[in-house]
Amino acid sequence: MEPATLQIHPLTDSPTAAWREISKTQKIIKINVKIPQKPVDEKKLRFVCMSDTHSLVRNIMFDIPDGDVFIHAGDFTKCGQKEEVISFNKWMGTLPHKHKIVIAGNHELSFDEKFMHVFKKKVANQRKDIEDEVPHYGKTRDNINEAVNTDNIRQYLTNCIYLEDSGVEICGIKIYGTPWQPEFGNWAFNLPRGRDCLSKWNLIPEDTDILVTHTPPLGHGDLVCSGVRAGCVELLTTVQTRVKPKYHIFGHIHEGYGVTSDGKIIFINASTCDINYIPNNLPVVFDICIKSGHK
């Protein structure tokens, strides 16, 4: 069944202006981040959410809370190098959670086949602007070349379930993951705002209970330090009017860390690293009832 056609917002390319208009009819409830002190009820599943660890898990000073399902909403590396992915996978293997779910983010350059193809082409053509792009990615040119020349990078994620425009069901709870985000400095999984982004959001099933994206929707955890909004207008519309998940988990905007609600959906920016790339932000934990007929 095709999803209902959503209209592209006329201010989709100007999210700050779009939010100024949309927010007039939106409810925003801020929720404090607290780690539960009591064990999870036997009729519920405990979810532990993190994002944007950027190969800095060795610097984490807090304990990762126990739970049934661990979710990482992308940017687990700095540029998607093979060694970074292997190291992350090894760390994932140390976590006690029975189920571990991961999506990629814009820093996982090697996971985006289109990005790799374009980058290789630039290198082959000896494009001068490639030198300007490399510092932006925070690694040397050789590091980037290694990242984009690693075939089948997903094979190194053996200690988790990797989702990319796909879903998984755990105890009847349907979880869907997608890495795309509006264009953001020529990184991986970038798409023009509006129709191209919406084409990816249209793939999200309507019966999704927990949605995991890398980008925030407009208005929730998307305010950057300069005072502008970075979230996606069409993602917000999709989530609120069509999919209506119980929880929407994301990262990407480090300074947007925290939990909000519109009164119906819980929005979680689970960015672990703060704006200075220090992994100071605690995981976000929530419990959800196991569906009838499942254990």
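See the structure shown above.
Residues numbered from 1 in each chain as written. Predicted model: local features only at pLDDT ≥ 70, side-chain atom pairs only at ≥ 80, totals over all residues. Heavy atoms only, no water.

What follows is about the nonpolar core. Ranked by internal contacts, the top residues of the largest apolar core, which has 49 residues, are Trp91, Met92, Phe111, Leu157 and Trp201. Elements that contribute at least two residues to this core include exactly α1 (15-22), β2 (44-50), α2 (82-94), α3 (113-124), α6 (195-201) and α7 (233-243). Looking at which element gives the most residues to this core, the answer is α7, with five residues. Ignoring any residue separated from it by four or fewer positions in sequence, one finds leucine 157 in contact with Phe76, Val85, Phe88, Asn89, Phe111 and Tyr162. Among the nonpolar cores identified, the runner-up in size contains 24 residues, and Val212, Ile268, Val284 and Ile288 belong to it. (Core = buried A, V, L, I, M, F, W, Y, C linked by side-chain atoms within 4.5 Å. Buried < 20%, exposed > 50% of the residue type's maximum accessible area, 1.4 Å probe, protein only. Helix = DSSP H or I, 4+ residues; strand = E, 2+ residues; numbered from the N terminus. Contact = heavy atoms within 4.5 Å.)

Now for the sheet that holds strand β13 (residues 266-269). Reading across from one edge, β1-β12-β13-β11-β10-β7-β6 is the order of the seven strands in this open sheet, with mixed pairing throughout. On the outer flanks of this sheet lie β1 (29-31) and β6 (166-170), each paired with one strand and no other. Taking the axes of each pair of neighbouring strands and ignoring which way they run, one obtains an average angle of 20° across the sheet. With four bridges connecting them, strand β12 (residues 258-261) and β13 associate as antiparallel partners. By the bridge assignment, glycine 258 is partnered in β13 with asparagine 269. Against the sheet, α7 touches β10 (210-213), β11 (247-250) and β13, its axis set at about 170° to β10. (Pairing = 2+ DSSP bridges. Axes fitted to C-alpha atoms, helices over the stretch in contact; angles between N-to-C directions.)

What follows concerns unusual backbone geometry. A positive phi angle, close to 50°, is found at cysteine 171, a residue other than glycine. Relative to the helices and strands, cysteine 171 resides in the loop between β6 and β7 (173-178). Under the relative-accessibility criterion, cysteine 171 is labelled buried at 17%. A positive phi angle, close to 60°, is found at tyrosine 277, a residue other than glycine. Counting through the fold element by element, tyrosine 277 comes out in the loop between β13 and β14 (284-289).

To continue, consider α2. Spanning 13 residues, α2 covers 19 Å between terminal C-alpha atoms, matching the ideal 18 Å at 1.5 Å per step. For α2, the set of buried residues is Glu84, Val85, Phe88, Asn89, Trp91 and Met92. The buried side chains of α2 occupy one side of the element, clustering within an arc of 160° when seen end-on. More than 90 degrees from the buried face of α2, the exposed residues found are Lys90 and Thr94. Considering only its buried residues, α2 is in contact with β2, β3 (69-72) and β4 (99-102). (Expected span 1.5 Å × (residues − 1). Arc of directions from axis to C-beta.)

Taken as a whole, α1 has its buried residues at Pro15, Ala18, Trp19 and Ile22. In an axial view of α1, the angular spread of the buried residues amounts to 100°, which keeps them on one side of the axis. Those residues of α1 that are buried are in contact with α7.

On inspection of all chains with the given rule, the structure shows six salt bridges. With a shortest N-O distance of 2.9 Å, aspartate 209 and lysine 291 are connected by a salt bridge. Here lysine 291 lies in the segment after β14 and aspartate 209 lies in the loop between α6 and β10, a separation of 82 residues in the sequence. With a relative accessible area of 32%, lysine 291 lands in the partly exposed category. Between arginine 229 and aspartate 222 there is a salt bridge, and its shortest N-O distance comes to 2.7 Å. (Salt bridge = Lys/Arg side-chain N within 4 Å of Asp/Glu carboxyl O.)

A few words now on the sheet that holds β4. Taking strand neighbours across the sheet as the criterion, the five strands line up as β5-β4-β3-β2-β14 in an open arrangement whose pairing is mixed. The sheet terminates laterally at β5 (161-162) and β14, the two strands that pair on one side only. Here β4 pairs with β5 via two bridges, running parallel. The residue bridging isoleucine 101 from the neighbouring strand is isoleucine 161, located in β5.

The final tally for this structure, using the stated rule, is eight aromatic pairs. Aromatic pair phenylalanine 76 and phenylalanine 111: ring centres 5.7 Å apart, planes at 90°, arrangement edge-to-face. Of this pair, phenylalanine 76 sits in the loop between β3 and α2 while phenylalanine 111 sits in the loop between β4 and α3; the two residues are 35 residues apart in sequence, bridging distant segments of the chain. Per residue, the accessibility class of phenylalanine 76 equals that of phenylalanine 111, and both read buried. On the basis of an interplanar angle of 40° and a centroid distance of 5.9 Å, the ring pair of phenylalanine 88 and tryptophan 91 is categorised as tilted. Highlighted residues: phenylalanine 88 and tryptophan 91, both in helix α2, separated by three residues, approximately one helical turn. There is no split in this pair, since phenylalanine 88 and tryptophan 91 are both buried. (Phe/Tyr/Trp six-rings, centres within 6.5 Å; stacked < 30°, edge-to-face > 60°.)

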